[in-house]
Amino acid sequence: MKLVYTDLQKELIAAITKKNAFVAVRAGWGASKTSALVFGLLYVATWRAGTSSLLITDTAPRYRSVLGPELEKWLSPLGWTFNQLKGEWKDPNTGSSIWCRSYFRPGTKESTSNPLEGLNITSGFAFIDECQVFPSAEVAYKALGRLRSGPSPCLVMVGLPVSDAWWCKLAEQSGGKTILYSSHVNKANLSDEWFEAVKHLPESERLAMIENKPQPPSGLVLSEWTESHVIDGWKYREHLQGRIALDWGFRKPSVLIIVHDPDLNADVICGELNPREVSLDNLAQLILTIAWPRKIKHFAPSPRIWLDDGVADKAGAARSDHSGISAFRHLGSDPPRGIGLPLKWTTDPIRTNVLNGIQKLKRALARKQYLVTREVWEAGDRAQGNSLRKSIMSYSWANTKDEPIKDGKEDPIDALRYDCIFWRWNDDVEKAMVRVKARRSRKVKVGGKRFLDF
């Protein structure tokens, strides 16, 4: 069966053929960006047989979950093999190869220390995926440094629609090619159910991620929060599942008590603590005055909100210089020293990315999956220190960057974000059914070599 290309894929191949030094793609969810990138790599492998190209993404988990499966889908049937130890795809027919690298450089290391050093890219092509997660063009400049051995170097940069996209600016300023498409370019391969589901996204996110019309950040970060998120007359029932979300810190930790109410199809924030300068022992005592692990409820001095689970910032996994144990282990110990509940956390760099977490939280708020009791909301207004209410009402976008301003009041939102990325990561429109029509490329032989019919 002959492969039918989307307009985005056709335009990318044409831009590569014309030897543009910089090609930038900004396109919505499901717009066939990843497959376009793979087709571009295959095209270069055939066009410049016997050479090596470079493929970059931000983290190894993203490669394994997104790029890896797409490469496997298209390359393996053509005879390509993957050396996991080297991170190299190899084609025995053309002799071409693709080096796959994740570019994650901790801020404590110099930019000269990066995973691209030492690679010799002979095709002259480097492809960068998920450009929107890189804070600057550093990765692009480092990739260019690896293309000095090949003819007419070309940098292909692909990303989602965000305002002030650095890769598009780089292409425009350098006289390169910018390719812009909405999700509708791939409508033939996306289900009607999916397009119906994304209509329920927050308007600004729908315009950006579906229509490719990124909205400049302005005003409050959690603009989806309204007075309707505050509920009157809610009563706790002890059979309801309860959990805790915690942002660590001796100076100003933040704790949220959250109960899932199936009648509301929502999580209700029914308690919060924002003490100042408390030890973990004292923090545990404060939590136990409000909530208590259900599994040891018989030890509770009086009725509490019964806790079944909890989550906290991954920073708590580090061992204390004073006690030699982690905050997680300390707080998980039995009362009175701890709260007797093991807390969960994640180190997945995709989930712990602040902007990713904020977008998940915004979607959950837009669907009213988080609510707060009137008592907690009103108490937050009267609080001497921090509170969820003050945090939501002050958490604003920076004027010049796609990032929130840290004003010292963001701790309750951080706690809520940890809860959201752990318990509601997949609980959104991305779970909507996507019917992908199976299409296979037609393999043809030219000079005894196989390649996609471009």
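My aim in this report is to walk through the structure given alongside it, one point at a time. (Residues numbered from 1 in each chain as written. Predicted model: local features only at pLDDT ≥ 70, side-chain atom pairs only at ≥ 80, totals over all residues. Heavy atoms only, no water.)

### Observations regarding the environment of Lys235
Keep this limit in mind: Numbering of helices and strands starts at the N terminus; helices are DSSP runs of H or I of at least 4 residues and strands are runs of E of at least 2.
Of note, Lys235 is situated in the loop between strand S9 (230-231) and strand S10 (242-247). When the C-alpha atoms of Lys235 and Thr373 are compared, they prove to be 9.1 Å apart, with 138 residues separating the residues in sequence.

### Describing the pairing of strand S15 (residues 309-312)
Two faces, one strand: in a regular strand the side chains alternate between the faces of the sheet. Threshold: Any residue under 20% of the maximum accessible area for its type is buried, any over 50% is exposed, and the rest in between are partly exposed; the area is computed with a 1.4 Å probe on protein chains only. Any two strands with at least two DSSP-identified bridges between them are counted as paired.
Residue alternation in S15 divides its side chains into two sets, Asp309 and Val311 and Gly310 and Ala312, and both sets are buried. Two strands pair when backbone bridges link them, and S10 and S15 are joined in this way by four bridges, in the parallel orientation. Bridge pairing links Ile244 to Gly310 in S15.

### Topic: the nonpolar core
Spelled out, the test is: Nonpolar cores are built from buried Ala, Val, Leu, Ile, Met, Phe, Trp, Tyr and Cys residues. Side-chain atoms within 4.5 Å join them into one set. The contact rule is simple, with two residues in contact once any of their heavy atoms fall within 4.5 Å.
Counting 38 residues, the largest nonpolar core has Leu55, Leu71, Leu75 and Phe127 as its most contacted members. Those elements that place two or more of their residues in this core are helix H1 (7-17), strand S1 (22-27), helix H2 (33-47), helix H3 (60-75), strand S5 (97-102), strand S6 (125-128), strand S7 (154-159) and strand S8 (177-181). With nine residues, H2 is the largest single contributor of residues to this core. Among all residues touching Leu75, those that are not within four sequence positions of it are Val38, Leu42, Trp80, Trp89 and Ile98. Core analysis: the second largest hydrophobic core is formed by 33 residues, Ala284, Trp292, Ala300 and Ala327 among them.

### Quick look at unusual backbone geometry
The peptide bond linking Pro335 to Pro336 adopts the cis configuration, its omega dihedral lying at 10°. Tracing the chain through its elements places Pro336 in the loop between helix H9 (327-332) and helix H10 (349-352). Despite not being glycine, Glu130 shows a phi value in the positive range, around 55°. You can see Glu130 is positioned in the loop between S6 and helix H4 (138-145). Overall, the relative accessible area of 13% leaves Glu130 in the buried class. For Asn212, which is not glycine, the phi torsion reads 60° and is therefore positive. Considering the arrangement of structural elements, one finds Asn212 in the loop between helix H7 (203-209) and S9. For Asn212, a relative accessible area of 9% corresponds to the buried category.

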